[in-house]
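Below, each chain spelled out in residue letters.
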Amino acid sequence: MEKAEFLASLRAEGKAGREARLELARVRADWWPPLDVLVAGCLRQRLAEPDLAGPWEPLTEEETLGMTLSGRWPGPAPRTPVRRSYELPSSLVTELRTASWRMSEPSLLRMDRQGLLYGGHWSDSEAAERERLAQLIYSPARIVREALERYARAEGDE
């Protein structure tokens, strides 16, 4: 929408179609970065915050292999895969997954010890404890959401 308005304003200034499109191309990278760039930049800022910055022990081979199993990453395990319309550099994905796992590991281990990971037939107090521990889990999606909420330019901000 913002691009269309900018293009319309250029045309209103008397710039012809090609000239207006060239002007749009000149500012596109600064004003409207690709989604990949926006998400990666926000994510890098979020991962640099004290609670996620580490330093983290790298994921072990066993942890990495174990997390390839279905439902092993921290967070909800929906029946359908998460779809996203951007790509991230593999090193940033590794950093995201490492921070996610290291932040979530204590809660996940506690949930596992208390039998609160699988099943679903819990007493009210067990369900409340599971919910409390679940709030402490930093799924990759949660970290990306927080990054965008904190660092993406809000619509209307100039």
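What counts and how
- Residues numbered from 1 in each chain as written.
- Predicted model: local features only at pLDDT ≥ 70, side-chain atom pairs only at ≥ 80, totals over all residues.
- Heavy atoms only, no water.
- Helix = DSSP H or I, 4+ residues; strand = E, 2+ residues; numbered from the N terminus.
- Expected span 1.5 Å × (residues − 1).
- Buried < 20%, exposed > 50% of the residue type's maximum accessible area, 1.4 Å probe, protein only.
- Arc of directions from axis to C-beta.
- Contact = heavy atoms within 4.5 Å.
- Axes fitted to C-alpha atoms, helices over the stretch in contact; angles between N-to-C directions.
- Parallel < 35°, antiparallel > 145°, perpendicular 65-115°, else oblique.
- Nonpolar A, V, L, I, M, F, W, Y, C, P; charged D, E, K, R; others polar.
- Core = buried A, V, L, I, M, F, W, Y, C linked by side-chain atoms within 4.5 Å.
- Polar contact = N/O pair within 3.5 Å; in protein donor to acceptor, adjacent residues only side chain to side chain.

Asks: Whenever I open this one, helix α3 (residues 35-47) confuses me. Can you help?
Replies: Helical geometry: 3.6 residues make up each α-helical turn, so side chains three or four residues apart lie on a common side. Under the 1.5 Å per step criterion, the end-to-end length of α3 is 18 Å for 13 residues, consistent within 8% with the ideal 18 Å. Buried residues of α3: Val-39, Ala-40, Cys-42, Leu-43, Arg-46 and Leu-47, and no others. When α3 is viewed along its axis, its buried side chains cluster within an angular range of 170° and face the same direction. In this fold, the buried residues of α3 make contact with α5 (90-113) and α7 (140-151).

Asks: How should I be thinking about the packing of α3 against α7 in this particular structure?
Replies: What describes two packed helices is the angle between their axes and the distance between those same axes. Between α3 and α7, whose axes approach to 8 Å, the crossing angle comes to 100°. Taken together, α3 and α7 sit at an angle that is classed as roughly perpendicular. From α3, Val-39, Cys-42, Leu-43, Gln-45, Arg-46 and Leu-47 reach across to α7, where they touch Ile-143, Val-144, Glu-146, Ala-147, Leu-148, Arg-150 and Tyr-151. Of the residues in the contact of α3 with α7, the class split is nine nonpolar, one polar and three charged.

Asks: Explain the nonpolar core to me, please; I cannot follow it from the model alone.
Replies: One recurring pattern in soluble globular proteins: nonpolar side chains tend to sit buried together. Ranked by internal contacts, the top residues of the largest apolar core, which has 17 residues, are Leu-43, Leu-47, Leu-88 and Ile-143. Broken down by secondary-structure element, the contributors of at least two residues to this core are α3, α5 and α7. Not counting the four nearest positions on each side in its chain, Ile-143 is found in contact with Leu-43, Arg-46, Leu-47, Leu-52, Leu-96, Ser-100 and Tyr-138. The next biggest cluster of nonpolar side chains, apart from the first, holds eight residues, and it includes Leu-59, Leu-108, Met-111 and Ile-137.

Asks: Just to check I follow, could you spell out the environment of Trp-122 for this structure?
Replies: You can see Trp-122 is positioned in the loop between α5 and α6 (124-134). With near-sequence residues (within four places) excluded, Trp-122 lies in contact with Gly-115, Leu-116, Ala-127 and Arg-130. Within the structure, the side chain of Trp-122 is placed 3.2 Å from the backbone oxygen of Gly-115, a separation counted as a polar contact.

Asks: Can you walk me through the side chain of Glu-146 in this structure?
Replies: Along the chain, Glu-146 falls in helix α7. Here Glu-146 falls in the buried class, since its relative accessible area comes to 11%.

None of this, on its own, says anything about what the molecule does.
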